[in-house]
Amino acid sequence: HINRTVEMVGLDVTRKIVLTTGMIRALEHLEDAKADFIAKITRFYVDFHKKQEGIDGCVINDPLAVGYFLSKDLCSGIEAYTTVETEGLSVGQSIVDEKGFWKKKANSYVLTQVDSQCFMHRFMTALFGRRGEGILR
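Right, let's walk through the structure included here. This one's a predicted model, so the numbers in the text were calculated from it and none came from an experiment.

With respect to the packing of aromatic side chains
Then, in step 1: Counted by the stated rule, this structure contains four aromatic pairs.
Then, in step 2: Centre to centre, the rings of Tyr-68 and Phe-69 are 5.7 Å apart; their planes meet at 65°, and the pair counts as edge-to-face.
Then, in step 3: Plain terms: the ring middles of Phe-119 and Phe-123 are 5.6 Å apart, the flat faces sit at 15° to each other, and that makes the pair stacked. Highlighted residues: Phe-119 and Phe-123, both in helix α4 (residues 116–128), separated by four residues, approximately one helical turn. Summarising the burial analysis for this pair, Phe-119 and Phe-123 share the class buried.

Some thoughts on the packing of helix α1 (residues 21–28) against helix α2 (residues 33–53)
For any two helices packed against each other, the geometry comes down to the angle between their axes and how far apart the axes lie.
Then, in step 1: Here α1 crosses α2 at 150°, and the two axes come no closer than 9 Å. Comparing the axis directions of α1 and α2 gives the class roughly antiparallel. In this structure, the crossing between α1 and α2 has a hand that is left-handed. Seen from α1, the contacting residues are Thr-21, Ile-24, Leu-27 and Glu-28; seen from α2, they are Ala-35, Asp-36, Ile-38, Ala-39, Thr-42, Arg-43 and Val-46.
Then, in step 2: A per-class count over the contact of α1 with α2 returns six nonpolar, two polar and three charged.

A short note on a nonpolar patch on the surface
Then, in step 1: Residues Phe-44, Tyr-45 and Phe-48 make up a contiguous nonpolar surface patch of about 340 Å² in total accessible area.
Then, in step 2: Looking at the secondary structure, you find Tyr-45 in helix α2.
Then, in step 3: Tyr-45 sits in the partly exposed class, given a relative accessible area of 44%.

So, the side chain of His-49
Then, in step 1: Looking at the element boundaries, His-49 is found in helix α2.
Then, in step 2: Note on His-49: relative accessible area 6%, which makes it buried.
Then, in step 3: Apart from residues lying up to four places away in sequence, His-49 is in contact with Arg-15, Gly-54, Ile-55, Gly-57, Cys-58 and Val-59.

Side note on the nonpolar core
What tends to happen in soluble globular proteins is that the nonpolar side chains get buried as a cluster.
Then, in step 1: One finds Leu-19, Ile-60, Phe-119, Met-120, Met-124 and Phe-128 to be the most contacted residues of the largest nonpolar core, which totals 26 residues.
Then, in step 2: Put simply, the parts of the chain that give this core at least two residues each are α1, α2, α3 (61–70), β6 (108–114) and α4.
Then, in step 3: Ignoring any residue separated from it by four or fewer positions in sequence, one finds Leu-19 in contact with Ile-24, Ile-38, Thr-42, Gly-57, Cys-58, Ile-60, Met-120 and Met-124.

Observations regarding the pairing of strand β4 (residues 75–84)
Then, in step 1: Two strands pair when backbone bridges link them, and β4 and β6 are joined in this way by six bridges, in the antiparallel orientation. Along β6, the bridge assignment pairs Glu-79 with Tyr-109.
Then, in step 2: As paired strands, β4 and strand β5 (residues 94–97) are joined by four bridges and run antiparallel to one another. By the bridge assignment, Val-84 is partnered in β5 with Ser-94.

Quick notes on the rules
- Residues numbered from 1 in each chain as written.
- Predicted model: local features only at pLDDT ≥ 70, side-chain atom pairs only at ≥ 80, totals over all residues.
- Heavy atoms only, no water.
- Phe/Tyr/Trp six-rings, centres within 6.5 Å; stacked < 30°, edge-to-face > 60°.
- Helix = DSSP H or I, 4+ residues; strand = E, 2+ residues; numbered from the N terminus.
- Buried < 20%, exposed > 50% of the residue type's maximum accessible area, 1.4 Å probe, protein only.
- Axes fitted to C-alpha atoms, helices over the stretch in contact; angles between N-to-C directions.
- Parallel < 35°, antiparallel > 145°, perpendicular 65-115°, else oblique.
- Left-handed = near helix turned anticlockwise from the far one by under 90°.
- Contact = heavy atoms within 4.5 Å.
- Nonpolar A, V, L, I, M, F, W, Y, C, P; charged D, E, K, R; others polar.
- Patch = residues over 30% accessible without salt bridge, like charges linked within 9 Å, V, L, I, M, F, W, Y side chains within 5 Å.
- Areas by Shrake-Rupley, 256 points an atom, 1.4 Å probe, with all protein chains shown as cover.
- Salt bridge = Lys/Arg side-chain N within 4 Å of Asp/Glu carboxyl O.
- Core = buried A, V, L, I, M, F, W, Y, C linked by side-chain atoms within 4.5 Å.
- Pairing = 2+ DSSP bridges.

Below, the structure written as structure tokens:
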């Protein structure tokens, strides 16, 4: 029996869910307390992702995890044996045996694909109703 704990690693679907600086600017025009809060708390992350990865926005992986647990159709993946490195240069990194090289029983479901447009639509409309649709344009 496979432990249904979801590992968001491997092809890292979380990197495909980005709240862009354009979306954040659009949020600032909503005159909404939630929008103002999101714009305020993401400034640090936008700066970080720009400096470290050259991303124009910030990765919002926590909302994706919640979205996936609410609606499994957002992501798909593979069953694989997964372990976490406890020593050496890659300490803390998840290692996914997606090809079955180690011949160990799968112990996780690794998300490898995400419908980012569907997620962002659901995320914005859950927070702001129909006004959220305008942020995605």
